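Given next are the chains, with one letter for each unit.
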Amino acid sequence: MANLNTDAIKRRTYDAIVIGSGISGGWAAKELTGKGLKTLVLERGREVKHVVDYPTAQLHPWELPNRGQMRSGVNEANPVVSKCYAFGEATEQFFVKDAEHPYVQEKPFDWIRGYQTGGKSLLWARQTQRWSKYDFEGPARDGFAVEWPISYDDLAPWYSYVEKFAGISGNRDGVAALPDGEFLPPHPMNCVEQYFSESMAKTFGGARPIIIGRCAHITQPQPIHLEQGRSKCAHRTLCERGCPLGGYFSSNASTLPWAAKTGKMTLRPHSVVHSIIYDEKKQKAVGVRVIDSNTKETEEFYAKIIFVNAAALNSNLILLNSTSNRFPNGLGNDNGLLGKYIAFHNYRATINANYEGYLDKTTEGRRPNSAYIPRFRNLLKQETDFLRGYASGFSANRGQRDDRNGWGEDLKTGILNPKLNDFWSVGSHMMGETIPKESNYVALDKDQRDPWGIPQLRISVDYDENDVKMTKDFFEQLTEMYTKAGFTNIRTNDSNRTPGLDIHEMGGVRMGKDPKTSLLNEWNQLHHCKNVFVTDGACMTSTATQNPSLTYMAFTARAADYAVKQLKAKNL
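Here the residue numbers are simple positions, counted from 1 along each chain's written sequence. Restriction of local features to residues with pLDDT of at least 70 applies here, the model being predicted, together with a cutoff of 80 or more for giving and counting side-chain atom pairs; totals for whole chains, interfaces and linings are based on all residues. Water and hydrogen atoms play no part in the side-chain values, which are based on all heavy atoms of the structure.

Naming follows an unreviewed UniProt entry, where the chain appears as FAD dependent oxidoreductase of Haliscomenobacter hydrossis. UniProt annotates the chain under Cofactor (unreviewed entry) with the comment "FAD". UniProt lists a comment for the chain under the heading Sequence similarities (unreviewed entry), and it reads "Belongs to the GMC oxidoreductase family." UniProt positions are given in the numbering used here, feature names are shortened, and annotations may be inferred rather than shown by experiment.

Next comes the structure, spelled out in structure tokens:
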């Protein structure tokens with residue numbers, strides 16, 4: 001019997017365990033297997049294979065049962081996920097329904113999740129901007145949160161590393177607030193977007209640049225992309241259905257198949273992680289406790305290093321639930337800060353207007369991207385009554401209208417012969433940095449449990465006065481810019497939407513220099529349990545204004561490289 005137990009343990013023992021198969025988990029799998037480690041990847045959802053499990057990717061609108069309209073009652077039964085812009089008849093299979101994985105909203109929070117192989121990397125908006133030195137220096141300069149333990153220079157080579165593999169399109173704009181990267185050819189701006197860019201350059205002397213967005217779409221495949229089996233983006237803009245071309249970066253199309261090719265990866269779907277196992281004699285983590293989502297049986301797997309990449313809030317949950325005599329309040333939580341200082345991006349403000357120039361022109365085809373206005377407020381010095389700043393999207397389209405008056409042949413003729421609008425529609429949305437605060441937190445609910453017996457996550461996250469002032473400033477500054485560009489019929493809108501729909505929740509396991517005020521060190525290691533690494537959104541000390549996924553990728557590749565070196569040096 002002893003031998004049987006030994007054999008069973010040996011079969012469940014790996015060099016490394018990665019919790020989560022989304023954007024950062026896929027990168028951890030790729031890097032660890034690529035460096036020779038036998039790696040177990042745990043995914044709580046079902047398996048979704050690239051191409052074969054994208055059931056709607058090739059369907060025309062008329063081939064969808066309801067022509068793109070959601071079935072009756074679905075939205076009403078899912079008041080949270082149905083708010084997400086990408087949730088629809090063709091994509092619902094990749095979203096967690098509200099009742100499937102319950103959580104407690106101490107304050108209203110729309111938690112959008114994707115539980116399957118690849119996680120939300122199938123659904124993300126694919127915008128990929130680097131942070132600048134001003135972002136890493138922000139907390140220290142402005143006196144909030146804690147100081148970042150690394151600088152932009154520490155991460156810059158890893159940005160380059162992941163950009164080359166993922167395939168990032170963009171223009172080398174020379175904007176200090178948004179460092180250039182290893183770009184594929186950029187998407188073009190249309191004539192009105194280009195006009196706005198040139199107009200703002202003249203008006204503000206280059207202080208408010210308008211550039212084409214940087215995004216994870218292959219515009220010119222390189223050998224490394226062809227080797228992954230990916231090809232040029234076809235501009236279908238059906239991305240959230242899964243892309244059979246691999247035209248945009250996802251774990252399913254890129255990092256996970258790459259890791260599988262090494263023969264070192266074991267992917268285990270339907271594996272809900274209960275907790276990380278801590279050995280008090282060895283003073284380190286030795287494994288992961290998993291509940292099979294189908295059988296509800298508990299199993300344990302063992303490894304020398306563990307990467308936690310379950311997505312920001314679930315990573316918090318797993319660590320909080322990983323209790324022991326040494327860590328009664330959660331793994332690594334000596335300072336009691338685990339789950340606190342959650343932050344997000346403020347997307348609640350939009351502005352729209354008309355432009356009556358270039359009426360002899362329109363656009364043709366689609367573009368999976370938009371123009372972008374990098375942060376310009378409080379960048380070099382504090383200049384407003386609120387901290388930090390915001391970036392913005394910008395897009396222009398001509399639009400068209402059809403005539404639906406009449407009956408029979410007249411109606412058919414009116415619909416089939418739309419006319420261009422006699423103006424361009426232009427618009428921007430705010431992407432504001434929120435300030436991490438101890439009062440914004442997640443915790444384990446003491447009474448309510450999920451279907452697998454794990455405490456539900458209690459979420460208490462909200463806006464503050466800084467966000468309100470920032471929103472007001474966005475309206476004032478963008479109105480000024482639109483007015484100076486000659487835009488008319490300017491309309492502002494504060495949706496007051498609840499936090500969460502940005503799908504950029506961050507923090508709770510923040511990095512820092514001091515173990516008394518942070519959970520992770522400069523290598524994303526838990527200060528008090530060095531063989532556990534957290535490299536998804538949970539590690540973020542502050543949020544900046546950029547879409548965060550590219551930074552998660554760079555953090556993960558950097559941490560995996562360090563972890564393997566430390567493992568080989570027998571320091572872990």
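A. Quick peek at the environment of Thr237. Helix numbering and strand numbering both begin at the N terminus, where a helix is a DSSP run of H or I of at least 4 residues and a strand a DSSP run of E of at least 2. Considering the arrangement of structural elements, one finds Thr237 in the loop between helix H7 (223–227) and helix H8 (255–261). In this structure the C-alpha to C-alpha distance between Thr237 and Asn369, which are 132 residues apart in sequence, comes to 9.1 Å. Every residue pair with non-hydrogen atoms within 4.5 Å of one another is taken to be in contact. Discounting residues that sit within four places of it in the chain, Thr237 has contacts with Arg366, Arg367 and Pro368.

B. Region of interest: the UniProt feature "domain: Glucose-methanol-choline oxidoreductase N-terminal" (unreviewed entry) in the chain. Under the local residue numbering, the UniProt record ascribes the feature "domain: Glucose-methanol-choline oxidoreductase N-terminal" (unreviewed entry) to residues 228–324. For residues 228–324, helix accounts for 16% and strand for 32%, while the C-alpha atoms at its two ends are 42 Å apart.

C. Structural view of the sheet that holds strand S9 (residues 284–292). Two strands pair under a simple rule: DSSP has to find at least two bridges between them. Taken in spatial order, the 3 strands of this open sheet run S8-S9-S10, and their pairing is antiparallel. The sheet is open, and its two borders are formed by strand S8 (271–279) and strand S10 (298–302), each paired with just one other strand. In this sheet, neighbouring strand axes are inclined to one another by 30° on average, regardless of whether the strands run parallel or antiparallel. Here S8 runs beside S9; their pairing, made up of 8 bridges, is antiparallel. For Asp279, the partnering residue across the bridge sits in S9 and is Lys284. For helices, the axis comes from a line fit to the C-alpha atoms of the stretch in contact; other axes are also lines fit to C-alpha atoms, and the angle between any two N-to-C directions lies between 0 and 180 degrees.

D. The nonpolar core, seen in detail. Core analysis: the biggest nonpolar cluster contains 101 residues, and Ile19 and Ile276 have the highest contact counts within it. Among the elements that take part in this core, helix H5 (residues 152–166) stands out by supplying 8 residues, more than any other. In this structure Ile276 touches Ile19, Ala285, Gly287, Val288, Ile306, Val308, Ile318, Leu319, Ser322, Leu331 and Val532, once residues within four positions along its chain are discounted. Among buried residues, the Ala, Val, Leu, Ile, Met, Phe, Trp, Tyr and Cys ones that are joined through side-chain atoms within 4.5 Å form a nonpolar core. Any residue under 20% of the maximum accessible area for its type is buried, any over 50% is exposed, and the rest in between are partly exposed; the area is computed with a 1.4 Å probe on protein chains only. Counting residues in hydrophobic clusters, the runner-up holds 30 residues, among them Ile210, Phe376, Trp424 and Tyr482.

E. Local environment of the sheet that holds strand S25 (residues 529–534). If you trace the 6 strands from one edge of the open sheet to the other, you get S7-S2-S1-S11-S25-S24, paired in mixed fashion. Of all the strands in the sheet, just strand S7 (265–268) and strand S24 (525–526) have a single pairing partner and so form its edges. Strand direction decides the pairing type here: strand S1 (residues 16–19) and strand S11 (residues 305–308), joined by 4 bridges, are parallel. Paired with Ala16 across the two strands is Ile305, which belongs to S11. Each of S1, strand S2 (39–42), S7 and S11 is contacted by helix H2 (residues 23–34), which is oriented at about 165° to S1, the strand it contacts most.

F. Up close: the UniProt feature "domain: Glucose-methanol-choline oxidoreductase C-terminal" (unreviewed entry) in the chain. According to UniProt, the positions carrying the feature "domain: Glucose-methanol-choline oxidoreductase C-terminal" (unreviewed entry) are residues 436–555. The distance separating the terminal C-alpha atoms of residues 436–555 is 20 Å; by composition the span is 22% helix and 28% strand.

G. Layout of the pairing of strand S20 (residues 441–449). Where S20 meets strand S21 (residues 455–460), 5 bridges bridge the pair, whose relative direction is antiparallel. Considered in S21, the bridge of Tyr441 is made with Ser460. Where S20 folds back onto S21 in an antiparallel hairpin, the turn is made up of 5 residues, including Gly453, whose phi is positive at roughly 80°.

H. Region of interest: the side chain of Thr535. Here Thr535 lies in the loop between S25 and helix H12 (549–568). Residue Thr535 is classed as buried on the basis of its relative accessible area of 0%. A polar atom in the side chain of Thr535 sits 2.6 Å from the side chain of Asn309. Identification of polar contacts relies on pairs of N or O atoms within 3.5 Å, with a donor-acceptor requirement for protein atoms, meaning one able to donate a hydrogen and the other able to accept it, and with residues adjacent in sequence counted only if both atoms are side-chain atoms. There is a polar contact of 2.9 Å between the side chain of Thr535 and the side chain of Thr556. Apart from the residues lying within four places of it in its own chain, the contact partners of Thr535 are Ser24, Phe307, Val308, Asn309, Asn524, Tyr552, Phe555, Thr556 and Ala559.

I. Local environment of H5. A helix's residues, less one, multiplied by 1.5 Å, set its expected span. With 15 residues, H5 should reach 21 Å at 1.5 Å per residue; the first-to-last C-alpha distance of 20 Å fits that figure. Those residues of H5 that fall on the buried side of the exposure criterion are Tyr152, Leu155, Ala156, Trp158, Tyr159, Ser160, Val162, Glu163, Phe165 and Ala166. Buried residues in H5 make contact with H2, helix H4 (133–142), strand S4 (168–169), H7, H8 and H12.

J. Geometry of the domain arrangement of the chain. As used throughout, domain bounds are those supplied by an automatic or database domain assignment. Considered domain by domain, the chain is made up of domain 1 (14–67 + 112–169 + 216–340 + 504–571) and domain 2 (173–213 + 345–433 + 463–498). Taken over C-alpha atoms, the centre of domain 1 sits 31 Å from the centre of domain 2. With 39 residues of domain 1 at the interface, the matching set in domain 2 holds 32 residues. Where domain 1 abuts domain 2, roughly 3,000 Å² becomes buried across the two surfaces, and 54% of that area is made up of carbon and sulfur atoms. Buried area is a sum: the accessible area each of two parts loses on coming together, probed at 1.4 Å, counted once for each and added. Of all residues in domain 1, Tyr134, Arg141 and Thr545 give up the largest surface area on contact with domain 2, accounting jointly for 22% of the area buried on that side. In what follows, salt bridge is the name for a side-chain nitrogen of Lys or Arg lying within 4 Å of a carboxyl oxygen of Asp or Glu. Inspection of the region where domain 1 meets domain 2 yields 2 salt bridges. Notably, a salt bridge pairs Asp142 with Arg388, separated by 2.9 Å at the nearest N-O pair. The interface formed by domain 1 and domain 2 includes 17 residue pairs in polar contact (both at pLDDT 80 or more). It is H4 that provides the largest number of residues to the side of domain 1 that touches domain 2, a total of 5 residues. For the side of domain 1 that touches domain 2, the per-class residue count stands at 11 nonpolar, 20 polar and 8 charged. Charged means Asp, Glu, Lys or Arg here, nonpolar means Ala, Val, Leu, Ile, Met, Phe, Trp, Tyr, Cys or Pro, and polar covers whatever is left, Gly included.

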